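# Examining the three-dimensional arrangement
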Amino acid sequence: MYCSPKCRNAQYYEKRQDDEAFFFQVDKHLKTNRKILKKYNRAGYTMIRREKLIEEGFNPRYFTHYWKNQKGQVYLFCYEFGFLSLSEHGKEKYLLVIWQDYMGNP
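Not measured: the values here are computed from a predicted model.

Another aspect to go through is the nonpolar core. Membership of the largest hydrophobic core is limited to 12 residues, which are Ile36, Leu37, Tyr40, Ile48, Leu53, Phe58, Leu76, Cys78, Phe81, Phe83, Tyr94 and Leu96. Going through the elements one at a time, α1 (5–40), β3 (74–78), β4 (81–88) and β5 (91–98) are the ones with two or more residues in this core. Among the elements that take part in this core, α1 stands out by supplying three residues, more than any other. Ranked by size, the runner-up nonpolar core spans eight residues in total, among them Phe77, Leu84, Val97 and Met103.

Next up, the structure:
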């Protein structure tokens, strides 16, 4: 219960601002991730050190969807650009891919 309509409106406005700030923060991360994945995956299939992408500002916690292959490996995507986390010779790497028709509809 609120003390007045003015107090109710003020709290609603504040909550809405917080929600919009969260949306813009997530959207910014997704766009940054997509830009970085696109930059390093011009061939459509590339292996790169995880640390290199992180240095560029890549954040693997932000993605739009995923795809699981027959081996059970989960590729995470930022729109049409995806990555799979792998460990090769003790080094963390990402296999970068582009969404393909056989993967279905995202």
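Let's pick the thread back up.
To continue, consider the pattern of salt bridges. Considering all chains together, one arrives at five salt bridges under this definition. For Lys31, the salt bridge is made with Asp27, and the minimal N-O distance between the two is 3.1 Å. Linking Lys31 with Asp27, this pair stays in helix α1, spanning four residues, or about one helical turn. Where Arg49 meets Glu51, a salt bridge forms, and the shortest distance between an N and an O atom there is 3.6 Å.

Below, the discussion takes up a nonpolar patch on the surface. A cluster of nonpolar side chains, contributed by Phe63, Tyr66 and Val74, occupies part of the molecular surface with about 290 Å² of accessible area. Tracing the backbone through its elements, the reader meets Tyr66 in strand β2 (residues 65–68). For Tyr66, a relative accessible area of 54% gives the class exposed.

For the chain, per-residue confidence averages 90 on the pLDDT scale, and residues scoring 70 or more make up 92% of the total. When the elements of the chain are averaged for pLDDT, α1 gives the smallest value, 84, and β3 the largest, 97.

Attention shifts here to the side chain of Asn33. Within the secondary structure, Asn33 sits in helix α1. Not counting residues up to four positions away in its chain, the partners in contact with Asn33 are Gly57, Phe58, Asn59, Tyr62 and Cys78.

Looking now at the pairing of β3. The element β3 is largely enclosed, with a buried count of four among its five residues. Note: β2 against β3, four bridges, orientation antiparallel. In the strand pairing of β3, Tyr66 is matched with Leu76. Once β2 ends, the chain turns through five residues before running back antiparallel as β3, passing Gly72 with a positive phi of about 90 degrees. Sheet topology places β3 next to β4; three bridges connect them, and they run antiparallel. In the sheet register, Phe77 faces β4, and the bridge partner there is Gly82. Between β3 and β4, which pair antiparallel and follow one another directly, the connecting turn spans two residues, one of which, Tyr79, has a positive phi of 60 degrees.

About the cut-offs
- Residues numbered from 1 in each chain as written.
- Predicted model: local features only at pLDDT ≥ 70, side-chain atom pairs only at ≥ 80, totals over all residues.
- Heavy atoms only, no water.
- Core = buried A, V, L, I, M, F, W, Y, C linked by side-chain atoms within 4.5 Å.
- Buried < 20%, exposed > 50% of the residue type's maximum accessible area, 1.4 Å probe, protein only.
- Helix = DSSP H or I, 4+ residues; strand = E, 2+ residues; numbered from the N terminus.
- Salt bridge = Lys/Arg side-chain N within 4 Å of Asp/Glu carboxyl O.
- Patch = residues over 30% accessible without salt bridge, like charges linked within 9 Å, V, L, I, M, F, W, Y side chains within 5 Å.
- Areas by Shrake-Rupley, 256 points an atom, 1.4 Å probe, with all protein chains shown as cover.
- pLDDT = per-residue confidence, 0-100.
- Contact = heavy atoms within 4.5 Å.
- Pairing = 2+ DSSP bridges.

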